[in-house]
Amino acid sequence: MTNTESIEQIERIPLLGMTAEEMRSQGPLAGEPPFRARQIAGWLYGKGETQFSAMTDLGKELRQELEQAYTLEPDPILAAQRAQNDEAVKFLLRLRDNRNIETVLINSPNRRTICVSSQVGCAYGCDFCATAKMGPGRNLTPREILSQLFVVRSYMAEHDLGHVHNVVFMGMGEPLQNFDHLLATLRLMQDPKGLNIGWRRITVSTVGLEPQIRKLADSGVPVRLAYSLSATTDDVRTRLMPINKKYPFRMVFDALRYFQEKIKLRPTLEYVLLDGVNDTMEDAVRLAGFARDLHCKVNLIVYNPHPAAPYQPSPHERIEAFMKTIYPLVPTVTLRYSRGRDILAACGQLSTHWDDNRS
C-alpha cells in the first residue's frame, strides 16, 4: 500500500456543511436508505450533535461504521479572547489547510450576535478595514462558515449564555463574492429541520457588488441586507473603497431598490464615521437624502482604530451633530459603538495578522 492510499483511508469525509442528500454522495451512506442521512442531518443541524455515538436512533454497528468513514467536527479553536466586561469574545479558528479565520460573539445585555467570516482575507481593499490589509485570500466553504456557528454555540452553552439571537455576515471577507457558498450556507441555516434560524435574524453586509445584490434578490433565499456606503461623494468613496470605480454607489442604489421590491424589507446603509473624511454636516444632509429616497435604514458606526490604517473616529460632538442632522429626515437611524475594541474584535478590526504570534 502506498503512503497516499494509507492517508486517503485514514482521512474521514467531513459532513458538516452538507445537505442530507449531499451526505449520501460518498462513503457508507451512499448504500443506506435516504432517511439515514436525514437522521444524521437532524442530529447535526437540529441538535448540534457532532458525535455519532450519541445518535441513539442508529444501530451500534452503523454508528461505528459512520465514525470510521465520516467526521462531523467543526474547525478547532486556536484561541479565544474575552473583551472587558465580557462584551465580546473573539475566536481564532484553524482551517483544514492551516489558514486561520476570526469570528466574534457579541455579548449584548439582551441579545447574542455571532459575527461570521465568509473569506480568508479580502480582495476589495477598503482603506479603513484591517481585513483588507491581509489581501485576497480564498472563499470559505459552507462547512467552514457553519463551523464558526457551531464552536460559538458550544462556547455559549458551556458558559450559560443563552441562545443566538442574530447572525451577521460582517466578519472577514466580502460575502457576496462567495455567493454560491453563502447561498448554500443560508439555506442550511434557515432550514426548519436544520439550524432553523429565521431569515429576519440574519444580515449580510456587502461593499456593493451590484450584480450579486440582484442575484441575491432573485435567489428565493430571503435575508437582511446591509450596504457599506461610508461616503456621500464618488471621490471620497473611491478613495476609501476602490470597488466604487466598478460599481458606483448610485448604481448600487438601483440594485437596493430592486432588492427591496423583491424581499419587501428595507436595506440598511452602513456608514463608518471617519474624523475629517466623511463626517461634515454636508455629508449628513446628503446621506439623509439617500436614505429618504431609498426608504433605507441608516446605521452610523463609530470607527474602530487599528494599527493598519491612519484614520481616527470622529469626535463625540461631531457624531452628535451628524446624528441630529439626519435623525428627523430618515425612517430609522441607529448609532453603533462596536463592542470588543480592546481585543481588536470590533467592526473593521478583524485580521489574523494580529494573531500570527499565536498561530
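Residues numbered from 1 in each chain as written. Predicted model: local features only at pLDDT ≥ 70, side-chain atom pairs only at ≥ 80, totals over all residues. Heavy atoms only, no water.

As for the confidence of the model for the chain
Looking at the chain, the pLDDT average stands at 89 and 91% of residues meet or exceed 70. Here residues 1-8 is a poorly scored stretch, pLDDT under 50, and it has two contacts once near neighbours within four places are set aside; other chains count. Taken as a whole, residues 354-359 scores under 50 in pLDDT and shows 16 contacts with residues more than four places along the chain or in a different chain. (pLDDT = per-residue confidence, 0-100. Contact = heavy atoms within 4.5 Å.)

A few points about the pattern of salt bridges
Using the criterion set out here, one finds 17 salt bridges in the structure. R318 is the partner of D275 in a salt bridge, and the nearest nitrogen-oxygen pair spans 2.6 Å. Taken together, the residues D275 in the loop between β12 (268-273) and α11 (281-294) and R318 in helix α12 (residues 316-326) connect sequence positions 43 residues apart. Accessibility expressed as a relative area gives 33% for D275, which makes it partly exposed. Given the relative accessible area of 30%, R318 is considered partly exposed. (Salt bridge = Lys/Arg side-chain N within 4 Å of Asp/Glu carboxyl O. Helix = DSSP H or I, 4+ residues; strand = E, 2+ residues; numbered from the N terminus. Buried < 20%, exposed > 50% of the residue type's maximum accessible area, 1.4 Å probe, protein only.)

Some remarks on helix α6 (residues 179-190)
Under the 1.5 Å per step criterion, the end-to-end length of α6 is 16 Å for twelve residues, consistent within 8% with the ideal 16 Å. Residues of α6 that are buried: F179, L182, L183, T185, L186, L188, M189 and Q190. Buried positions along α6 lie against α3 (34-47), α5 (142-158), β9 (166-169), β10 (202-206) and α7 (210-218). (Expected span 1.5 Å × (residues − 1).)

Considerations on the packing of helix α10 (residues 249-263) against α11
Running from N to C, α10 and α11 cross one another at 30 degrees; their axes reach a closest spacing of 10 Å. As summarised for this structure, α10 and α11 are arranged roughly parallel, according to the angle between their axes. In this structure, the crossing between α10 and α11 has a hand that is right-handed. Contacts from F249, R250, F253, L256, R257 and Q260 of α10 reach α11 at F290, D293 and L294. When grouped by side-chain class, the residues that make up the contact of α10 with α11 number five nonpolar, one polar and three charged. (Axes fitted to C-alpha atoms, helices over the stretch in contact; angles between N-to-C directions. Parallel < 35°, antiparallel > 145°, perpendicular 65-115°, else oblique. Left-handed = near helix turned anticlockwise from the far one by under 90°. Nonpolar A, V, L, I, M, F, W, Y, C, P; charged D, E, K, R; others polar.)

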